[in-house]
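A look at the structure
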Amino acid sequence: MAKPDAVFIYIGTYPDEAAARADYAIVKDLHAAGAVGTYDASVVTKDDAGKVHVNKDETATRHGAWGGAAVGAVVGILFPPSIIVGAAVGAAVGGVGGHLWRGMSRADVKEFGDIIDQGQAALVIVGESKLQQAVEKAALKAEKHVAKELNVSPKDVDKAVQEAATEVS
């Protein structure tokens, strides 16, 4: 059972980017229906050169206060910066990543990284704990997935994102 004040991470793998985007649309619909609270989601792909791309649409960062920082922080934890294409999250990675990192074991990091490596595309979702039940009920169509509740408060993530935004302004 999800703790009411925890962060939930879901990573699912897909045979292609289109399949991952279809589930991404489902998550956006869940948010529009009020089934999930603050969250961040993105489709992650790897190109033929092994570079990681975090693909967000123009409205994705408006679904909650985290504005791309949470998924960017997860990707930053899982992959070395040299293979990540673009500035997916900017300054927020440090503070947000620090909070998420403290909530993960090394085994969690390995499991998340391994699952992303197995697919052609991945859907990464980071959100409040109520996201967990909504994702389970939605029956997303990932070939494989890993879902973990972290011992991290969404309020701490909110604060880290706000601090980073202040530093950038």
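Here is a short report on the structure shown in this document.

The rules behind the values
- In this convention, every chain numbers its residues from 1, walking through the sequence in written order.
- The predicted nature of this model means local features are confined to residues of pLDDT at least 70 and side-chain atom pairs, given and counted, to a pLDDT of 80 or more, with totals for whole chains, interfaces and linings taken over all residues.
- The basis for every side-chain value is the complete set of non-hydrogen atoms in the structure, without hydrogens or water.
- Numbering of helices and strands runs from the N terminus; a helix is a DSSP stretch of H or I covering at least four residues, while a strand is a stretch of E covering at least two.
- A helix is expected to span 1.5 Å multiplied by its residue count minus one.
- Contact criterion: two residues are considered in contact whenever any of their non-hydrogen atoms come within 4.5 Å of each other.
- Two N or O atoms count as a polar contact when they lie within 3.5 Å, although within protein this holds only if one can serve as hydrogen donor and the other as acceptor, and sequence-adjacent residues are included solely when both atoms are side-chain atoms.
- For this document, the term salt bridge refers to a Lys or Arg side-chain nitrogen within 4 Å of an Asp or Glu carboxyl oxygen.
- Throughout this description, buried means an accessible area under 20% of the type-specific maximum (1.4 Å probe, protein chains only), exposed means over 50%, and partly exposed covers the range between.
- For cavity detection a 1 Å grid was placed over the protein atoms alone, and a set of points counts as a cavity when a 1.4 Å probe fits there but cannot get out; an open set counts as a pocket when protein lies on both sides within 12 Å along at least five of seven lines, with lining residues being those that have an atom within 4 Å of a point.
- Grid points are joined across faces, edges and corners, and a volume is the space filled by probe spheres set on the points.
- Three classes are used, and their members are as follows: Ala, Val, Leu, Ile, Met, Phe, Trp, Tyr, Cys and Pro are nonpolar, Asp, Glu, Lys and Arg are charged, and the others, Gly among them, are polar.

**A few points about helix 1 (residues 17-32)**
Three or four residues apart is the spacing at which side chains of an α-helix point the same way, because the helix has 3.6 residues per turn. End to end, helix 1 covers 22 Å across 16 residues, agreeing with the expected 22 Å (1.5 Å per residue, within 8%). Where helix 1 is buried, its residues meet strand 1 (7-14), strand 2 (39-46), strand 5 (121-128) and helix 5 (130-138). Where helix 1 begins, the side chain of Asp-16 points an oxygen toward the backbone nitrogen of Ala-18, at a separation of 3.2 Å. Positive phi appears at Gly-34, one or two residues downstream of helix 1, with a value of about 80 degrees.

**Overview of the pattern of salt bridges**
Under the counting rule described, the total for this entry stands at four salt bridges. Lys-148 is the partner of Asp-108 in a salt bridge, and the nearest nitrogen-oxygen pair spans 3.5 Å. Note that Asp-108 is positioned in helix 4 (residues 106-118) and Lys-148 in strand 6 (residues 144-150), a separation of 40 residues in sequence. By relative accessible area, Asp-108 is classed as buried at 13%. Classification of Lys-148 as partly exposed rests on a relative accessible area of 23%. Notably, a salt bridge pairs Asp-114 with Lys-110, separated by 2.7 Å at the nearest N-O pair. Of this pair, Asp-114 and Lys-110 both sit in helix 4, four residues apart, which is roughly one turn of that helix. By relative accessible area, which is 33% here, Asp-114 ends up partly exposed. Counted as one network, the salt bridges with shared partners bring together Asp-108, Glu-111 and Lys-148.

**Structural notes on empty space enclosed by the protein**
Evaluated as defined, the whole model comprises one cavity of 30 Å³ or more. Considered as a void within the structure, the largest cavity measures approximately 30 Å³ in volume. Every residue lining the largest cavity is listed: Val-44, Thr-45, Lys-46, Ile-116, Gly-119, Gln-120, Ala-121 and Ala-122. Put simply, the parts of the chain that give the lining of the largest cavity at least two residues each are strand 2 and strand 5. Grouping the constituent residues of the lining of the largest cavity by class yields four nonpolar, three polar and one charged.

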